[in-house]
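A closer look at the structure
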Amino acid sequence: MQTTKHNWTKAEISEIYYKPLLDLVFEAASIHRANKDYNEVQISSLISIKTGGCAEDCAYCPQAARYHTDVAVHALMQVDQVVQAAQKAKSGGASRLCMGAAWREVRDNRDFDRVIQMVQEVNALDMEVCCTLGMLTEHQAQRLADAGLYAYNHNLDTSEDDYKRIISTRTYDDRLNTIKNVRKAKLTVCSGGIIGLGETEADRIAMLQTLATMEQHPESVPINALVPVKGTPLAEQPRVPIWDMIRMIATARIIMPNTAVRLSAGRNEMSTLEQAFCFMAGANSIFAGEKLLTTPNPAFDEDLAMFELLGLKTREAFKNGRPENTRIEAQV
């Protein structure tokens, strides 16, 4: 394990971020390779358990009810449907299943009760279970933990200063408070951001600083490239240059050396060579499967072929130990 630092300044992160690209990647790769498991990549599968009709106004999201996109609204999935999807993902090489619901916040109702059951059932498959359900209270986080949840995803998206330009229906503090509630329940945190929203490089650095100065670094940091969707306010944004993704991944690897840096949305537009550069820069986690909620993503067999080509191995579930709350016998 590498030594972690939690008092990063923007100036320090900026100095890393703006290094000559090859020097930056070399430093990140050196830190990454100091970990004996540097060639292991975790495969996660992300499914939308409730699609569309969201009350939020996230400028990038096709699931917002106020935007006219091609995303159809679907009610919350049944438990057996989720179990089948989890079994398919596991057979494809995934060790983690993330369930996403287009909600602004979790409500204490029958739908949440069903999500609790989903968590219990997928946990029984010996997979790491992650949820992204919007804002949640400390009590709700504890209910998820008691059901066997392993991780909770709640992205910062961008910097605090830039946030209001992207979302007006909740605040940056709302995001941070949800992460605090997740930590109180002793769940692992998955939190990152999106580049290509029209943010500045200073915004990217500020977002990384927020993550890297948390009392405990997120165990997983997704780096997403915006996938513009027709009908959303950001539909005309240009594709993010691959070098920007590599720069973000390498910087995240250097400042959060023990965190899983996840190569996330936008991967469908990347060549194998571009993805290889991202892995070299320190990415050690991906989402696989045909869709990321509502956007296209490479299929499992394509990824496994790429892994074989690059000499990468799939990471098993609970590599760092299985928390008490995820033990299957605790659910009986």
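Refer to the structure above for everything that follows.
Heads up: these notes are all about the structure in this document. Values in this document were obtained by computation on a predicted structure and should not be read as measured data. (Residues numbered from 1 in each chain as written. Predicted model: local features only at pLDDT ≥ 70, side-chain atom pairs only at ≥ 80, totals over all residues. Heavy atoms only, no water.)

1. Describing the overall build of the chain
Spelled out, the test is: Here a strand is any run of E in DSSP of at least two residues, a helix any run of H or I of at least four, and the numbering for each starts at the N terminus. In this setup the radius of gyration rests on C-alpha atoms only. A globule is expected at 2.2 Å times the number of residues raised to 0.38. Under the scheme applied here, a residue whose accessible area is under 20% of the maximum for its type counts as buried, over 50% as exposed, and between as partly exposed, the area being computed with a 1.4 Å probe on protein chains only. Contact between two residues is taken to exist if any of their heavy atoms lie within 4.5 Å; hydrogens are not considered. Here the open area of atoms and residues is found with the Shrake-Rupley method and a 1.4 Å probe, where only the protein chains shown may cover a residue. Under this rule, positive means Lys or Arg and negative means Asp or Glu; His and the chain ends count for nothing. The location of each charge is read from NZ of Lys, CZ of Arg, CG of Asp or CD of Glu.
When you go through the chain residue by residue, the secondary structure sums to 11 helices and 12 strands. Since a compact globule built from 332 residues should have a radius of gyration of about 20 Å, the 18 Å found for the chain is in line with a globular shape. Across its three principal axes, the chain shows a C-alpha extent of roughly 55 × 40 × 35 Å. Burial status across the chain gives 58% buried among its 332 residues. The long-range share in the chain, meaning contacts at least 24 apart out of those at least 6 apart in sequence, stands at 76%. Counting only carbon and sulfur atoms, one obtains 50% of the accessible surface of the chain, whose full area is about 14,500 Å². A distance of 2 Å separates the average location of the 36 positive side-chain charges in the chain from that of its 42 negative side-chain charges.

2. Quick look at helix α11 (residues 300-310)
Counted only if it meets this: Arc, as used here, means the arc of the directions from the helix axis to the C-beta atoms.
Listing the buried residues of α11 in full gives Phe300, Asp303, Met306 and Phe307. For α11, the angular spread of the buried residues around the axis is 125 degrees, confining them to a single face. Exposed side chains of α11 directed beyond 90 degrees from the buried face belong to Asp301, Glu308 and Leu309. The elements touched by buried residues of α11 are β1 (40-50), α3 (79-91), α10 (272-280), β9 (285-288) and β12 (313-314). Looking one or two places after α11, you find Gly311, whose phi comes out positive at around 75 degrees.

3. Notes on the environment of Asp301
Secondary-structure assignment places Asp301 in helix α11. Asp301 sits in the exposed class, given a relative accessible area of 56%. Along the primary structure Asp301 and Gly92 are separated by 209 residues, whereas in three dimensions their C-alpha atoms are 7.4 Å apart.

4. A short note on the pairing of strand β3 (residues 128-132)
For a regular strand, side-chain orientation follows a simple rule: the groups alternate between the two sheet faces. Stated precisely, the cut-off is as follows: Clockwise travel from the first strand over the helix to the second, with the strands pointing away from the viewer, marks a crossover as right-handed. Any two strands with at least two DSSP-identified bridges between them are counted as paired.
Across the 5 residues of β3, 5 count as buried, placing the element largely inside the fold. Burial of β3 is two-sided: the residues Glu128, Cys130 and Thr132 facing one way and the residues Val129 and Cys131 facing the other way are all buried. Viewed along the sheet, the connection from strand β2 (residues 96-101) through helix α4 (residues 110-123) into β3 turns out right-handed. Here β3 runs beside strand β4 (residues 151-153); their pairing, made up of 2 bridges, is parallel. Counterpart to Cys130 in the pairing with β4 is Ala151. In terms of handedness, the path from β3 via helix α5 (residues 138-147) over to β4 forms a crossover that is right-handed.

5. Quick look at unusual backbone geometry
A positive phi angle, close to 65 degrees, is found at Asp126, a residue other than glycine. Checked against the element boundaries, Asp126 lands in the loop between α4 and β3. Positive phi outside glycine occurs at Asp157, with the angle close to 75 degrees.

6. Considering the pairing of strand β8 (residues 260-263)
Residue alternation in β8 divides its side chains into two sets, Ala260 and Arg262 and Val261 and Leu263, and both sets are buried. Bridge analysis of strand β7 (residues 220-225) against β8 gives 4 bridges, and the strand direction is parallel. Its bridge partner lying in β8, Pro222 is registered against Arg262. Taken together, β7, helix α9 (residues 242-255) and β8 form a β-α-β motif whose crossover is right-handed. When β8 meets β9, the two strands line up parallel, connected through 2 bridges. If you follow Arg262 over to β9, its bridge partner there is Ser285. In this region the chain leaves β8, passes through α10 and returns to the parallel neighbour β9; the handedness of that crossover is right-handed.

7. What to know about the pattern of salt bridges
For the record, the criterion: Whenever Lys or Arg places a side-chain nitrogen within 4 Å of a carboxyl oxygen from Asp or Glu, that contact is recorded as a salt bridge.
For the coordinates displayed, the defined rule picks out 17 salt bridges. Linking Arg104 and Glu56 is a salt bridge whose minimum nitrogen-to-oxygen distance equals 3.7 Å. Of the two residues, Arg104 is situated in the loop between β2 and α4 and Glu56 in the loop between β1 and α3; the sequence distance between them amounts to 48 residues. Classification of Arg104 by relative accessible area gives partly exposed; the value is 25%. Residue Glu56 is classed as buried on the basis of its relative accessible area, which comes to 2%. Each of Glu56, Arg104, Glu105, Arg107 and Arg170 takes part in one network of salt bridges that share partners.

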